[in-house]
Amino acid sequence: SFTTSVYVPSLVDERPVFIRERLDACYRVLSYGLHKVVLESVAGALAAFVYCPIVYFACGLAPGSENFLFFMLCAWVINAAGVMATLFVAAASPSVEIAGAAVPLLMTLNFFVSGFMILPSNIPSWWQWLYQPFGRLRLPTDSRRLCHLL
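The present account deals with the structure reproduced in this document. Just so it is clear, the model here is predicted, and its values are computed rather than measured. (Residues numbered from 1 in each chain as written. Predicted model: local features only at pLDDT ≥ 70, side-chain atom pairs only at ≥ 80, totals over all residues. Heavy atoms only, no water.)

Before going further, it helps to spend a moment on the environment of Val29. Counting through the fold element by element, Val29 comes out in helix H2 (residues 29-59). Counting along the chain gives 11 residues from Val29 to Phe18, while the straight-line C-alpha distance between them is 8.7 Å. When residues no more than four places from it in sequence are discounted, the contact partners of Val29 are Phe18 and Arg22. (Helix = DSSP H or I, 4+ residues; strand = E, 2+ residues; numbered from the N terminus. Contact = heavy atoms within 4.5 Å.)

Computed from the structure, the second largest pocket encloses a volume of approximately 270 Å³. Taken together, 13 residues make up the lining of the second largest pocket; nearest its centre are Leu11, Phe18, Tyr32, Gly33 and Ala91. Listed by contribution, the elements that provide at least two residues to the lining of the second largest pocket are helix H1 (7-23), H2 and helix H3 (65-92). Classifying every residue of the lining of the second largest pocket by side-chain character gives 9 nonpolar, 1 polar and 3 charged. (1 Å grid on protein atoms, 1.4 Å probe; cavity = no way out; pocket = protein on both sides within 12 Å on 5 of 7 lines; lining within 4 Å. Points joined across faces, edges and corners; volume = space filled by probe spheres on them. Nonpolar A, V, L, I, M, F, W, Y, C, P; charged D, E, K, R; others polar.)

The next thing to look at is the nonpolar core. In this structure, Val8, Leu11 and Val103 are the most contacted members of the largest nonpolar core, which totals 14 residues. Of all the elements in the fold, those that place two or more residues in this core are H1, H3 and helix H4 (96-113). Top contributing element to this core by residue count: H3, with 5 residues. Apart from residues no more than four positions distant in its own chain, Val8 is found in contact with Thr86, Ala90, Val96, Ala99, Gly100 and Val103. (Core = buried A, V, L, I, M, F, W, Y, C linked by side-chain atoms within 4.5 Å. Buried < 20%, exposed > 50% of the residue type's maximum accessible area, 1.4 Å probe, protein only.)

Let us now look at the packing of aromatic side chains. Inspection of every chain in the model, using the stated rule, returns 7 aromatic pairs. Relative to Phe68, the ring of Tyr56 has its centre 5.1 Å away and its plane inclined at 70 degrees; by these criteria the two rings are edge-to-face. Here Tyr56 is found in helix H2, whereas its partner Phe68 is found in helix H3, with 12 residues between them in sequence. The pair formed by Tyr56 and Phe68 is uniform in burial state, with each residue classed as buried. Members of the aromatic cluster, joined through ring pairs, are Tyr56, Phe57, Phe68 and Phe71. (Phe/Tyr/Trp six-rings, centres within 6.5 Å; stacked < 30°, edge-to-face > 60°.)

Written out as structure tokens, the structure is:
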């Protein structure tokens, strides 16, 4: 998820062009947003096609094509969620510097409350509010683990 920071400068740099084109009624906000989602989803799928076979077979995970395809799907969902969170932060930030600082902070908080660095039972009570909205990695990783345990 930290590698998604490479998307920040491009989105912030595209902002003046987007505003100009939007004011000239060349396209709508939804069109631009869908363009970014589709573009990054395709790139994430290509990365999953390269990354997943190497990891899956090197780790000797559960045999079966359905398990492998589910592993790839989970990897793609994790990647897409990270990219979309990064694009959201970059779009909401006024500058590259602020977005560049906010994205790693968001991803670090996400790792803390997803159960990778701190177990959910050990999360301090004043951090519990982060567990639900920022634990985006929990569902795909838990699904992947369950698939290979059954």
